[in-house]
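# Reading the structure
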Amino acid sequence: MSTSPAATRTPLAELPAWKALATHAENVRGLHLRQLFQDDPGRGQRLVLDAAGIYLDYSKHRITDETLRLLLDLAEQSGLRERIDAMFTGEKINITEKRAVLHTALRAPKDAVIRVDGENVVPEVHEVLDRMAAFSDRIRSGAWKGHTGKTIKNVINIGIGGSDLGPVMAYEALRHYSRRDMVFRFVSNVDGTDFAEATQDLDAEETLFIISSKTFTTLETMTNAQTARAWSLETLKDPKAVAKHFVAVSTNAQEVEKFGIDTANMFGFWDWVGGRYSMDSAIGLSTMLAVGPENFRAMLAGFHEMDEHFRTAPFAKNLPVVMGLLSLWYNDFFDAQTVAVLPYDQYLKRFPAYLQQLTMESNGKHVTLSGERVGYNTGPIYWGEPGTNGQHSFYQLIHQGTRVIPCDFIGFSKTLNPLGNHHDLLMANVFAQTEALAFGKTPEEVKEEGTPDWLVPHRVFEGNRPSNTLLLDELTPEALGRLVALYEHAVFTQGVIWQIDSFDQWGVELGKVLAKRIVGELEGSESGKHDSSTTTLIDRYRQQRGQ
């Protein structure tokens with residue numbers, strides 16, 4: 001199929017299923033989940049999916065069988081099946097950058113064949129994985145020594161965006177499996193405080209830095225990398241020490257070598273891997289160092305299991321498709337502007353932040369593939385915190401606020417840290433919250449509790465608040481891979497239907513360009529040509545700095 005911007009495509013608003021959904025939304029807007037469950041007592045057993053190690057209960061949504069049928073029709077009419085096939089076979093579906101989109105190749109088995117420009121990329125992927133594993137084994141076994149002969153005990157990943165959020169999230173999520181005799185830290189912010197706090201209690205002789213930048217020119221990353229180099233050499237003195245304390249995840253061998261890193265310790269990835277889809281590439285080197293190659297490969301297996309489910313399952317039984325369609329339903333037909341992701345596992349505390357980049361950088365677009373302005377909402381805002389902390393923070397707004405906020409509750413049947421009845425209490429809150437959000441409490445029920453009439457309105461819960469419940473067995477490396485791939489493909493599903501390019505990110509460029517120009521002005525004596533606000537702010541900053 002054609003992947004050019006000029007590809008013939010019926011505008012979304014003209015698709016029969018979209019028009020039907022708009023009419024249907026008005027007809028069902030007044031339906032309440034209390035009534036839906038009363039009319040269909042088996043709804044909670046029927047509107048579920050169980051595949052690829054994830055049990056999804058989507059019965060607590062403001063949908064009927066007709067809603068589902070129309071949403072699935074929309075997926076078909078949008079050419080989702082063809083677009084899935086195009087992605088998995090290496091077509092250049094990232095049209096503005098003329099690139100394939102093959103994060104799925106990062107977790108493909110060795111015998112798979114995935115071609116880009118006629119060349120099978122899978123052997124290259126496994127060659128890098130094998131090099132990462134060999135390097136990780138040397139660090140973890142103590143065979144690799146620092147410049148003064150000491151063993152590496154501290155690993156600091158320096159990156160930003162996808163080169164940071166994925167590794168941070170994965171480290172926290174898999175900390176149960178990590179080496180406890182090693183320290184792993186992550187520096188991303190160009191604010192010097194980030195680097196200072198990450199290194200203040202470490203010994204340079206025992207510290208390895210991973211510099212993660214595909215181009216090795218990213219402003220924030222390279223500023224922190226140069227600071228790390230100076231910090232190391234303040235102790236190690238000899239510039240040759242850099243080769244023993246720095247490795248690179250990059251494709252720019254010239255800049256890596258100029259920095260002082262041995263290019264034998266440069267781990268590459270490809271232009272068909274977007275930053276926010278790169279945690280299972282060489283960008284995950286810190287993850288592999290923390291949990292070991294075996295667990296890293298187990299995570300890749302979990303990714304691949306979900307990839308295959310997404311690629312082959314009928315849409316009605318397809319986890320990412322159903323989740324993507326449900327989110328689209330509220331975003332476009334109920335004007336729900338956000339999605340709350342609520343993992344009931346402390347190890348997933350960085351998962352909502354990771355999803356913010358995955359979802360909002362992917363689908364935060366205002367033009368279609370053909371360059372036309374969209375006439376509907378695209379990417380919703382993703383946010384969240386682990387339960388039960390969030391219950392004592394923002395759940396008030398979800399329960400009794402004026403906005404519709406669809407929620408994803410993520411729980412595990414088994415805990416990695418069994419302590420008394422902690423896990424039963426944790427999971428009781430998952431089930432209680434979804435029940436309360438769906439069904440609420442009526443004025444009559446409040447009155448029956450003996451509540452004074454004047455207080456009744458304040459204690460009413462309207463309910464009818466939609467949620468998914470995702471239940472997994474245990475937070476293993478495989479489970480993490482499945483979860484991340486689930487959201488990756490749900491995002492893709494939405495992007496196909498919205499007719500946008502989910503794989504470019506031009507929106508981040510303008511601020512970068514302006515910052516590079518302004519930093520010279522901050523260090524100089526004159527402001528450039530700006531609006532009066534920006535010029536005044538620059539002048540005031542320099543004045544307060546004593547310039």
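Under an unreviewed UniProt entry, the name given to the protein is Glucose-6-phosphate isomerase, and the source organism is Paracidobacterium acidisoli. Entered under Sequence similarities (unreviewed entry) in the UniProt record, the comment concerning the protein runs "Belongs to the GPI family." Checking UniProt for the protein, the heading Function (unreviewed entry) contains the comment "Catalyzes the reversible isomerization of glucose-6-phosphate to fructose-6-phosphate."

Packed helices, taken two at a time, are described by their axes: the angle between them and the distance between them. Interhelical geometry of helix α1 (residues 16–28) versus helix α14 (residues 319–333) gives an angle of 75° and a closest axis separation of 11 Å. Judged on the interaxial angle alone, α14 and α1 are roughly perpendicular. Seen from α1, the contacting residues are Trp18, Leu21, Ala22, His24, Ala25 and Val28; seen from α14, they are Leu328, Trp329, Asp332 and Phe333. When the residues that make up the contact of α1 with α14 are grouped by side-chain class, the tally is 8 nonpolar, 1 polar and 1 charged.

With 126 residues, the main nonpolar core has Trp272, Trp329, Phe351, Ile410, Leu483 and Tyr487 as its most contacted residues. Broken down by element, this core gets its largest block of residues, 13 residues, from helix α20 (residues 477–498). Excluding residues within four positions of it along the chain, isoleucine 410 makes contact with Val341, Leu342, Pro343, Tyr344, Leu348, Phe351, Leu470, Leu472, Leu483 and Tyr487. Counting 24 residues, the second-largest nonpolar core is a separate cluster that includes Ala204, Leu233, Ala241 and Met266.

Moving on to the environment of threonine 151. Following the sequence through the fold, threonine 151 ends up in the loop between α6 (122–141) and β5 (154–158). Threonine 151 gets classed as partly exposed once you look at its relative accessible area, which sits at 29%. Spatially, the C-alpha atoms of threonine 151 and arginine 465 are 54 Å apart, while their sequence positions differ by 314 residues. Residues within four places of threonine 151 in sequence aside, it is in contact with Gly142, Trp144, Lys145 and Glu206. For threonine 151, the side chain forms a polar contact with the side chain of lysine 145, separated by 3.2 Å.

Attention now goes to the packing of aromatic side chains. For the structure on display, the rule yields 26 aromatic pairs. A centroid spacing of 6.3 Å and a plane angle of 80° characterise the contact between phenylalanine 195 and tryptophan 231, whose relative ring orientation is edge-to-face. Remark: tryptophan 231 occurs in helix α9 (residues 219–236) and phenylalanine 195 occurs in helix α8 (residues 192–199); sequence separation between them is 36 residues. Relative accessible area serves as the criterion here: at 6%, phenylalanine 195 is assigned to the buried category.

Okay, the sheet that holds strand β9 (residues 266–267) next. Sheet strands associate in pairs through backbone hydrogen bonding, adopting either a parallel or an antiparallel arrangement. What the 5 strands build is an open sheet, ordered β6-β5-β7-β8-β9; its pairing is parallel. One side of each edge strand has no neighbouring strand; the edge strands of this open sheet are β6 (183–187) and β9. Taken together, the 5 bridges between β5 and strand β7 (residues 207–212) define a ladder with parallel strand orientation. Bridged to isoleucine 158 within β7 is isoleucine 211. Most of the contacts of α8 go to β6, to which it runs at about 170°, and overall it touches β5, β6 and β7.

Our next topic: the domain arrangement of the protein. In terms of domain boundaries, the protein breaks down into domain 1 (31–91 + 313–498), domain 2 (105–296) and domain 3 (509–545). The distance between the C-alpha centroids of domain 1 and domain 3 comes to 43 Å.

Looking at the secondary structure, you find arginine 62 in the loop between β2 (54–57) and α4 (65–77). Put simply, arginine 62 is tucked away with no salt bridge, and the nearest opposite charge, on glutamate 462, sits 7.9 Å away.

The element β7 is extensively covered by neighbouring structure, given that 6 of its 6 residues are classed as buried. Taken together, the 4 bridges between β7 and strand β8 (residues 246–249) define a ladder with parallel strand orientation. Note that in β8 the partner of isoleucine 211 across the bridge is alanine 248.

Another point: α8. Among all positions of α8, only Phe195, Ala198 and Thr199 are buried. When α8 is viewed along its axis, its buried side chains cluster within an angular range of 85° and face the same direction.

A word on the packing of α4 against α14. Between α4 and α14, the shortest axis-to-axis distance is 10 Å and the interhelical angle comes to 105°. When the axis of α4 is compared with that of α14, the two are roughly perpendicular. Contact residues: Thr67, Leu71, Leu72, Leu74 and Ala75 in α4; Leu325, Leu328 and Trp329 in α14. A per-class count over the contact of α4 with α14 returns 7 nonpolar, 1 polar and no charged.

Considering only enclosed or pocket space, the largest pocket measures out at about 1100 Å³ in volume. Together, 38 residues line the largest pocket, and Thr218, Gln505, Val508, Glu509 and Lys512 are the ones closest to its centre. Sorting the residues of the lining of the largest pocket by element identifies α7 (162–173), α9, α15 (351–363) and α21 (509–523) as the ones contributing at least two each. The element contributing the most residues to the lining of the largest pocket is α21, with 5 residues.

Right, let's talk about unusual backbone geometry for a bit. Note on backbone geometry: most residues besides glycine have negative phi, and most peptide bonds are trans. That bond from glycine 387 to threonine 388 is cis: its omega, 15°, falls within 30 degrees of zero. Here threonine 388 lies in the loop between β11 (381–383) and α16 (395–400). Phi at asparagine 464 is positive, roughly 65°, even though this residue is not glycine. Tracing the backbone through its elements, the reader meets asparagine 464 in the loop between α19 (456–459) and β13 (467–472). Its identity as a non-glycine residue notwithstanding, glutamine 499 has a phi of 60°, on the positive side.

In this section: the sheet that holds β13. Read from one edge of the open sheet, 6 strands run β1-β2-β13-β12-β10-β11, paired in mixed fashion. The open sheet is flanked by β1 (48–51) and β11, the only strands paired with a single partner. Across the sheet, the mean angle separating the axes of adjacent strands is 15° when strand polarity is ignored. Across 4 bridges, strand β10 (residues 338–343) lies against strand β12 (residues 407–412) in parallel orientation. Among the inter-strand pairings, proline 343 is bridged to a residue of β12, identified as isoleucine 410. Along the sheet face, α14 touches β1, β2, β10, β11, β12 and β13 and points at about 30° away from the line of β2. Together, β10, β11 and β12 form the strand contacts of α15, whose direction differs from that of β11 by roughly 165°.

Here is what the cut-offs are and how they apply
- Residues numbered from 1 in each chain as written.
- Predicted model: local features only at pLDDT ≥ 70, side-chain atom pairs only at ≥ 80, totals over all residues.
- Heavy atoms only, no water.
- UniProt positions renumbered as here; feature names shortened; annotations may be inferred.
- Axes fitted to C-alpha atoms, helices over the stretch in contact; angles between N-to-C directions.
- Helix = DSSP H or I, 4+ residues; strand = E, 2+ residues; numbered from the N terminus.
- Parallel < 35°, antiparallel > 145°, perpendicular 65-115°, else oblique.
- Contact = heavy atoms within 4.5 Å.
- Nonpolar A, V, L, I, M, F, W, Y, C, P; charged D, E, K, R; others polar.
- Core = buried A, V, L, I, M, F, W, Y, C linked by side-chain atoms within 4.5 Å.
- Buried < 20%, exposed > 50% of the residue type's maximum accessible area, 1.4 Å probe, protein only.
- Polar contact = N/O pair within 3.5 Å; in protein donor to acceptor, adjacent residues only side chain to side chain.
- Phe/Tyr/Trp six-rings, centres within 6.5 Å; stacked < 30°, edge-to-face > 60°.
- Pairing = 2+ DSSP bridges.
- Domains from an automatic or database assignment.
- Lys, Arg positive; Asp, Glu negative; His and termini not counted.
- Salt bridge = Lys/Arg side-chain N within 4 Å of Asp/Glu carboxyl O.
- Arc of directions from axis to C-beta.
- 1 Å grid on protein atoms, 1.4 Å probe; cavity = no way out; pocket = protein on both sides within 12 Å on 5 of 7 lines; lining within 4 Å.
- Points joined across faces, edges and corners; volume = space filled by probe spheres on them.

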